[in-house]
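Examining the three-dimensional arrangement
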Amino acid sequence: MTVIYQRVALIGLGLIASSMAHAMRENGLAGEIVGHAKSPETRATALEIGLCDRVFDTAAAAVQGADLVVLAVPVGAMDAIAAEIGPHLAAGCTVTDVGSVKQAVIEAVAPHLPEGVAFVPGHPLAGTEHSGPRSGFASLFVNRWCLLTPIEQSSPEATAHLRALWEGMGAKVDEMDPAHHDLVLAVVSHTPHLIAYTMVGVADHLRRVSNSEVIQYSASGFRDFTRIAASDPTMWRDVFLTNKDAVLDILGRFTEELFVLQRAIRMGDGQQLFDYFTRTRAIRRGIIEAGQDTAAPDFGRVAPPAKPGE
Ligand code: NAP
């Protein structure tokens, strides 16, 4: 692979940034990788495990001389970071972000960037429930989508370069209007997370009634809710605060559907339930055929070794 950027500055050194650092190194896509994170602990870890060649105490210092700056902080922190780095960006550099919401990030970041700097917003549709500098791995983006949402400040050349970087890290790249991105993500990611958080909250209440049964028997669907509901609280708070309209729209539709199913159960309308579940099963099949999940039973989980006496 060829070097696409001579110096990449990662602002925020958590799951997404550390996965990018590993993937860029493995594929020889960046000359030098420098970084900044809020806490001295994270900065020290990033050096210790070789995520960055150099780390800086401030974002302003980290971006100097970089030809690519990646904002990989929670969505709510983007505004202040953009204001800090704006005056220190090199002419001709590209700024991108990996935030899960696009319109709010564009509103927060774009006004702070000087002329001569391209801004190409992005969002890799890949992640885990883990966070921090040690949670990243090089293959996180392989065969996953990365959505770019170019705006007026994104030159075609800057967008093409960034596309090449994501493709070099193994991702499939598509371009989308920012408002459409936010609606699509409210359907496929944001609202499902809210539902998982709620379901785990309900079970938590129940646990107080039925002691540890909820934990003990959680090997069914509930376990997958708990995995999603273990996602980073700061990140998800910011997602709901900044993609408010789209999430409320989808949540309204979800509630209507829930009432339809609730009524079918009350009325004993088995045919309606059967037809509904047949339609949803076809959606799952479509996801597997599109290569976005495994068809293996239980998501391909390997059963943990049996404990002595089991
Ligand atoms: P993460 O693992 O929690 O890491 C966040 C990083 O941002 C940490 O290094 C943190 O530093 C740093 N940070 C927070 N506030 C900061 C500030 N004011 N100044 C400087 N650094 C700051 O988060 P992540 O999962 O990588 O998420 C980063 C972004 O990617 C978010 O915008 C999220 O929406 C998006 N995203 C996440 C996923 C996912 O599944 N996780 C998927 C796609 C996109 P400290 O460690 O010092 O606190």
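The sections below set out a description of the structure shown in this document. Values in this document were obtained by computation on a predicted structure and should not be read as measured data.

The next thing to look at is the site of the ligand. Close to the ligand lie 27 residues; Leu13, Ser39, Thr42, Val73 and Ser100 are nearest. Here an oxygen atom of the ligand and a backbone polar atom of Leu13 are 2.8 Å apart. Contact distances for the ligand include 2.8 Å between an oxygen atom and a backbone N or O atom of Leu15. Protein coverage of the free-state accessible area of the ligand, which is 910 Å², stands at 85%. The class makeup of the residues in the shell around the ligand is 14 nonpolar, 12 polar and 1 charged.

Attention shifts here to the pattern of salt bridges. All told, the structure shown has 12 salt bridges when counted by the stated rule. With its nearest N and O atoms 3.0 Å apart, the salt bridge here joins Arg237 to Asp238. Assessed through its relative accessible area of 6%, Asp238 is described here as buried. Within this structure, Arg7, Glu32 and Arg54 form a network of salt bridges that share partners.

Counted at 1.5 Å a residue, the expected span for helix α6 (residues 156–168) with its 13 residues is 18 Å, and the 18 Å between its end C-alpha atoms agrees. Every buried residue of α6 is listed here: Ala158, Thr159, Leu162, Leu165, Trp166 and Gly168. Trailing α6 by a residue or two, Gly170 shows a phi angle of about 100°, which is positive.

Relative to the helices and strands, Ala66 is located in the loop between α3 (59–63) and β4 (68–71). A relative accessible area of 1% means that Ala66 is categorised as buried. When the C-alpha positions of Ala66 and Tyr5 are compared, they lie 8.4 Å apart, and in sequence the two are 61 residues distant. When residues no more than four places from it in sequence are discounted, the contact partners of Ala66 are Arg7, Ala9, Ala90 and Cys93.

In this section: the sheet that holds strand β5 (residues 94–97). An order of β3-β2-β1-β4-β5-β6-β7-β8 is seen for the 8 strands of this open sheet, with the pairing classed as mixed. Each edge of the open sheet carries a strand with a single partner, namely β3 (54–55) and β8 (172–175). Judged from the 4 bridges that link them, strand β7 (residues 145–148) and β8 form a sheet pairing that is parallel. Paired with Trp145 across the two strands is Lys172, which belongs to β8. Its contacts with the sheet put helix α4 (residues 78–85) on β1 (5–11), β4 and β5, and the angle it makes with β4 is roughly 155°.

Leu10, Met20, Met24, Phe141, Leu165, Trp166 and Met169 are the most contacted members of the largest nonpolar core, which totals 37 residues. Here the element with the most residues in this core is helix α1 (residues 15–26); it accounts for 7 residues. Apart from the residues within four sequence positions on either side, Phe141 is in contact with Ile16, Ser19, Met20, Pro124, Ala126, Trp166, Met169, Gly170 and Ala171. With 25 residues, the next largest nonpolar core counts Val73, Met78, Ile106 and Val109 among its residues.

Okay, the packing of helix α11 (residues 244–267) against helix α12 (residues 270–289) next. Relative orientation of the contacting elements α11 and α12 amounts to 140°, with a least axis distance of 8 Å. The orientation of α11 relative to α12 falls into the category oblique. Remark: the crossing between α11 and α12 carries left-handed chirality. Mapping the contact onto sequence places Glu257, Val260, Leu261, Ala264 and Ile265 in α11 and Gln272, Leu273 and Tyr276 in α12. The class makeup of the residues in the contact of α11 with α12 is 6 nonpolar, 1 polar and 1 charged.

Rules used throughout
- Residues numbered from 1 in each chain as written.
- Predicted model: local features only at pLDDT ≥ 70, side-chain atom pairs only at ≥ 80, totals over all residues.
- Heavy atoms only, no water.
- Near = heavy atom within 4 Å.
- Polar contact = N/O pair within 3.5 Å; in protein donor to acceptor, adjacent residues only side chain to side chain.
- Areas by Shrake-Rupley, 256 points an atom, 1.4 Å probe, with all protein chains shown as cover.
- Nonpolar A, V, L, I, M, F, W, Y, C, P; charged D, E, K, R; others polar.
- Salt bridge = Lys/Arg side-chain N within 4 Å of Asp/Glu carboxyl O.
- Buried < 20%, exposed > 50% of the residue type's maximum accessible area, 1.4 Å probe, protein only.
- Helix = DSSP H or I, 4+ residues; strand = E, 2+ residues; numbered from the N terminus.
- Expected span 1.5 Å × (residues − 1).
- Contact = heavy atoms within 4.5 Å.
- Pairing = 2+ DSSP bridges.
- Axes fitted to C-alpha atoms, helices over the stretch in contact; angles between N-to-C directions.
- Core = buried A, V, L, I, M, F, W, Y, C linked by side-chain atoms within 4.5 Å.
- Parallel < 35°, antiparallel > 145°, perpendicular 65-115°, else oblique.
- Left-handed = near helix turned anticlockwise from the far one by under 90°.

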